[in-house]
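This is what each chain is made of:
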Amino acid sequence: MSKKKKKNKETTIENYYDLKVDKVDELVYILKNDQAPDDGKKVSYDVKDCIGSEAAGQGEEKEYASKSSGGKQFNPYKLDRLSRVPTWIKALVIKFWFAGMVCYIIGMGLGSIITNDENRIILTGVVLGIVVDVLVNPAMRYFQSSDNEYDAYMMFPFPFKKYWTFLTNVIYYVAVSFVVTYMYQGINLLIDVINGTAASSNINVGVEPLLYGVFTVIADMAFIGIKDLIVYLVKKKKAKKAEENNYV
């Protein structure tokens, strides 16, 4: 291949990947004004016009075209129903569901095998920490946008996976598991006080997935809130110190 021919080929490849600025401007104009810049005609977003008349052919395509042509508007930027749900609801539901699942499988499923309460609490916390590190946090990172809106619902919102994050999640959720146990004990003690009995009354709140999931979310978000407050105060102090140094 000659040098001239090779140069022309490289130039063609470079031009091929050039950004078509005029096409971008045309698209922006259409989205803002709902009309094409060349002929000024209003752009139709009717489904039938978007798929074209040739789609009304035979079989399933004809049936789809007839169903889609009832004046429905095509919107490529339309959000699905799940995207309309607030982030805090989705985050809390995810944390609640996985905590309840771990309680059902470990706390209740192995209750007859592991008779020691302390060992069962530790094992539940270990499994919950593993589930959060392997499933819950990666799922939240997958769902979140560039705003990192799910970081506020993770104790260790790091975008990478290391051994130390795995261990810290396990240790952290063992502590959460003990706090949840104390919450159960506190409720039962409060019931006894209300009933005016010194000993345990007949009314006793037992461990089950739904309430366990609620208590886990409350304890988890309380710890996360304390962590976020400490981080905020540290950053504020550093910013104030840097401002004073710049002023001096």
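For the structure, check the block above.
So, a few notes on the structure that sits alongside this text. Bear in mind that the values here come from a model prediction, so they are computed numbers and not experimental data.

Rules behind the numbers
- Residues numbered from 1 in each chain as written.
- Predicted model: local features only at pLDDT ≥ 70, side-chain atom pairs only at ≥ 80, totals over all residues.
- Heavy atoms only, no water.
- Helix = DSSP H or I, 4+ residues; strand = E, 2+ residues; numbered from the N terminus.
- Contact = heavy atoms within 4.5 Å.
- Areas by Shrake-Rupley, 256 points an atom, 1.4 Å probe, with all protein chains shown as cover.
- Salt bridge = Lys/Arg side-chain N within 4 Å of Asp/Glu carboxyl O.
- Buried < 20%, exposed > 50% of the residue type's maximum accessible area, 1.4 Å probe, protein only.
- Polar contact = N/O pair within 3.5 Å; in protein donor to acceptor, adjacent residues only side chain to side chain.
- Expected span 1.5 Å × (residues − 1).
- Core = buried A, V, L, I, M, F, W, Y, C linked by side-chain atoms within 4.5 Å.
- Phe/Tyr/Trp six-rings, centres within 6.5 Å; stacked < 30°, edge-to-face > 60°.

**Description of the overall build of the protein chain**
Inference 1: What the protein chain contains, in helices and strands, is nine helices and zero strands.
Inference 2: Taken from the N to the C terminus, the helices and strands of the protein chain come in the order α-α-α-α-α-α-α-α-α.
Inference 3: Long-range contacts, defined here as pairs at least 24 residues apart, represent 61% of the contacts in the protein chain between residues at least 6 apart.
Inference 4: Accessible surface, the protein chain: about 18,200 Å² in total, of which carbon and sulfur atoms supply 62%.

**Observations concerning the pattern of salt bridges**
Inference 1: The full count for this structure, using the stated rule, is three salt bridges.
Inference 2: Asp-220 serves as the salt-bridge partner of Lys-95, at 2.5 Å between the closest nitrogen and oxygen. With Lys-95 in helix α6 (residues 87-108) and Asp-220 in helix α9 (residues 209-247), the pair connects residues that are 125 residues apart, well separated along the chain. Side by side, Lys-95 and Asp-220 carry an identical accessibility label, which is buried.

**Remarks on the environment of Glu-208**
Inference 1: One can find Glu-208 in the loop between α8 (163-195) and α9.
Inference 2: Look past the residues within four positions of Glu-208 in its chain and what remains in contact with it is Cys-103, Met-108 and Tyr-184.
Inference 3: A distance of 2.9 Å separates the side chain of Glu-208 from the backbone nitrogen of Leu-210, its partner in a polar contact.

**Points about α6**
Inference 1: Between its terminal C-alpha atoms α6 stretches 30 Å, which fits the 32 Å expected from 22 residues at 1.5 Å a residue.
Inference 2: By the burial criterion, the buried members of α6 are Ala-91, Ile-94, Lys-95, Phe-98, Ala-99, Gly-100, Val-102, Cys-103, Ile-106 and Gly-107.

**Some points on the nonpolar core**
Soluble globular proteins tend to bury their nonpolar side chains together.
Inference 1: Leu-128, Val-136, Met-140, Tyr-172, Tyr-173, Val-176 and Val-180 are the most contacted members of the largest nonpolar core, which totals 26 residues.
Inference 2: Looking at this core, the element that brings in the most residues is α6, giving seven residues.
Inference 3: Excluding residues within four positions of it along the chain, Tyr-172 makes contact with Met-155, Phe-156, Asp-220, Phe-223 and Ile-224.

**Examining the packing of aromatic side chains**
Inference 1: Tallied over the entire structure, the rule returns six aromatic pairs.
Inference 2: Ring plane angle 85° and centroid distance 5.1 Å describe the contact between Trp-97 and Phe-98, whose orientation is recorded as edge-to-face.
Inference 3: Centre to centre, the rings of Tyr-184 and Phe-215 are 5.0 Å apart; their planes meet at 75°, and the pair counts as edge-to-face. Taken together, the residues span a long stretch of sequence, with Tyr-184 in helix α8 and Phe-215 in helix α9 at a distance of 31 residues. Phe-215 carries the same exposure label as Tyr-184, and that label is buried.
Inference 4: Joined through ring pairs, the aromatic side chains of Phe-156, Tyr-172, Tyr-173 and Phe-223 make up one cluster.

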